[in-house]
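Fold and contact review
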Amino acid sequence: MSAPDISVVICVYTEDRWEDILAAVSSVRAQSRPARETLLVVDHNPTLLERLSGEYKEVEEVRVLANAGPRGLSAGRNTGIAASHGEVIAFLDDDAVAERDWLRHFAEGYADPRVMAVGGRTMPIWASGRRPAWFPEEFDWVVGCTYKGLPPGRARVRNVLGGNASFRRTAFAAAGGFATGIGRDGDKRPLGCEETELCIRLSRARPDAILLMDDRAVIHHRVPAPREHFAYFRTRTYAEGLSKALVARSVGSDKGLESERRYTTRVLPAGVARGLRDALLARPGGAGRAGAIVAGVLTAAGGYVLGSVRARRGGATFSVVRIPDGEGDIA
């Protein structure tokens, strides 16, 4: 079976990340296995749209287009999917750079026709130059990175992580696109989980589907200085609880919280134990990491409870978009 063509979608929203956006595109153009195209989807920012259009007007393999849906990451991704031509659509964060073999490892995963999604490993680039001593690796998802507790190598997973992921085009035909109303829109709380909800919905639509995580498909994700502080950690974990409540509402708590139960009952207690051990051995940050894990769990739980109440009262809504049939339907 020949390797599939891959389109890469990068959703962007602010000129503050101009240099990061250029670096992300450059990393895609330098792949050992070339992408069919790179689509830059601009989220309701006419100035950025015009500037990027000028930057890449003579670069045939890079296309710049406006988000055709409501403000937010999910609608931007859906716009990119509908406009793309590849058999596989990969997603890269606008403040990340991919290693040279990123797409090659993605493509290898699709040798099995049952594979509907392949995700990779996302490594943090800390603004301060190194991980804060108090920041537990078990919570690297807070800054959009691969966290301790995920399986190593190439392994089956419930869901891939959206900033470093790929899907067959047929996955969206079966399950629809990313749900709007769950993920980020640039101006509100740092919500997430839109890829989790999509992957669970995909597995229900295609019970034979295989979703993989391949830790050789590596990207490096910039973590700005404000996100190295506990205030952001607390805000992000609370927002994750809110988002998980929406996922559970959409797909049910059994599947919606299946991986989270294992994570909170196995991975996190081990992390607390390591932190306390390090504190007893006078190693830097041990007590802080243990405390951050406990605080993160409690804050996320609080967000989940409030999100569940809001969902039952109809105070939170989201919708699943059907991706237009065919390839490249958005000019």
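Residues numbered from 1 in each chain as written. Predicted model: local features only at pLDDT ≥ 70, side-chain atom pairs only at ≥ 80, totals over all residues. Heavy atoms only, no water.

It is at 6 Å that the axes of helix 9 (residues 258-280) and helix 10 (residues 286-312) come closest, and there the two elements cross at 155 degrees. Of the possible angle classes, the one that applies to helix 9 and helix 10 is roughly antiparallel. The handedness of the crossing between helix 9 and helix 10 is left-handed. On helix 10, the residues that touch L268, G271, V272, G275, L276, D278 and A279 of helix 9 are G286, A287, R289, A290, I293, V294 and V297. Tallied by class, the residues present in the contact of helix 9 with helix 10 amount to nine nonpolar, three polar and two charged. (Axes fitted to C-alpha atoms, helices over the stretch in contact; angles between N-to-C directions. Helix = DSSP H or I, 4+ residues; strand = E, 2+ residues; numbered from the N terminus. Parallel < 35°, antiparallel > 145°, perpendicular 65-115°, else oblique. Left-handed = near helix turned anticlockwise from the far one by under 90°. Contact = heavy atoms within 4.5 Å. Nonpolar A, V, L, I, M, F, W, Y, C, P; charged D, E, K, R; others polar.)

The α-helix advances 3.6 residues per turn, and as a result positions three or four apart in sequence lie on the same side. The end-to-end C-alpha distance of helix 9 is 33 Å, a good match for the 33 Å that 23 residues give at a rise of 1.5 Å each. For helix 9, the principal kink sits at T264 and spans about 35 degrees. E260, Y263, V267, L268, G271, V272, G275 and D278 are the residues of helix 9 that are buried. One or two steps after helix 9, the chain reaches A282, where phi turns positive at roughly 65 degrees. (Expected span 1.5 Å × (residues − 1). Bend = angle between axes of the 7 residues up to and from the residue. Buried < 20%, exposed > 50% of the residue type's maximum accessible area, 1.4 Å probe, protein only.)

Attention now moves to the pairing of strand 3 (residues 62-66). In terms of strand pairing, strand 2 (residues 37-42) meets strand 3 through five bridges, oriented parallel. Across the sheet, residue L39 finds its bridge partner in strand 3, namely R63. For the handedness criterion, the β-α-β arrangement of strand 2, helix 2 (residues 46-55) and strand 3 is classed as right-handed. (Pairing = 2+ DSSP bridges. Right-handed = clockwise from strand over helix to strand, strands pointing away.)

With that settled, consider the pairing of strand 4 (residues 88-92). Of all five residues in strand 4, five are buried; the element is thus mostly enclosed. Burial along strand 4 is two-sided: the face carrying V88, A90 and L92 and the face carrying I89 and F91 are both buried. As paired strands, strand 1 (residues 6-12) and strand 4 are joined by four bridges and run parallel to one another. Looking at strand 4, one finds that V8 is bridged to A90. For strand 4 and strand 8 (residues 164-168), the ladder comprises five bridges, and the chain directions are antiparallel. Among the inter-strand pairings, L92 is bridged to a residue of strand 8, identified as N164.

On to unusual backbone geometry, then. In most cases, non-glycine residues show a negative phi, while peptide bonds are predominantly trans. Non-glycine residue H44 carries a positive phi angle of around 55 degrees. Considering the arrangement of structural elements, one finds H44 in the loop between strand 2 and helix 2. Residue H44 is classed as partly exposed on the basis of its relative accessible area of 39%. A positive phi angle, near 65 degrees, is found at A282, a position not held by glycine. You can see A282 is positioned in the loop between helix 9 and helix 10.

Attention now goes to the pattern of salt bridges. All told, the structure shown has 27 salt bridges when counted by the stated rule. As a salt-bridge pair, R216 and E108 come within 3.2 Å of each other at their nearest N and O atoms. Note that R216 is positioned in strand 10 (residues 210-223) and E108 in helix 4 (residues 102-109), a separation of 108 residues in sequence. Its relative accessible area of 38% is what places R216 among the partly exposed residues. Through salt bridges with shared partners, a single network forms among D101, R104, E108, R154, D214 and R216. (Salt bridge = Lys/Arg side-chain N within 4 Å of Asp/Glu carboxyl O.)

It is worth spelling out the packing of helix 1 (residues 18-29) against helix 2 at this point. Between helix 1 and helix 2, the shortest axis-to-axis distance is 13 Å and the interhelical angle comes to 40 degrees. When the axes of helix 1 and helix 2 are compared, the pair comes out oblique. Along this stretch, helix 1 crosses helix 2, giving a crossing that reads as right-handed. Across the interface between the two elements, W18, I21 and L22 of helix 1 pack against L48, R51, L52 and E55 of helix 2. Each residue belonging to the contact of helix 1 with helix 2 can be placed in one class, and the counts come to five nonpolar, no polar and two charged.

In summary, soluble globular proteins display a tendency toward joint burial of nonpolar side chains. Within the largest apolar cluster, 33 residues are counted, with the highest numbers of intra-cluster contacts made by I10, L40, L52, L92 and W102. Here this core takes six residues from helix 1, the largest share from any one element. W102 has contacts with V8, V28, Q31, A90, F91, L92, N164, A217, V218 and I219, leaving out every residue within four places of it along the chain. Ranked by size, the runner-up nonpolar core spans 28 residues in total, among them L65, F178, L198 and C199. (Core = buried A, V, L, I, M, F, W, Y, C linked by side-chain atoms within 4.5 Å.)

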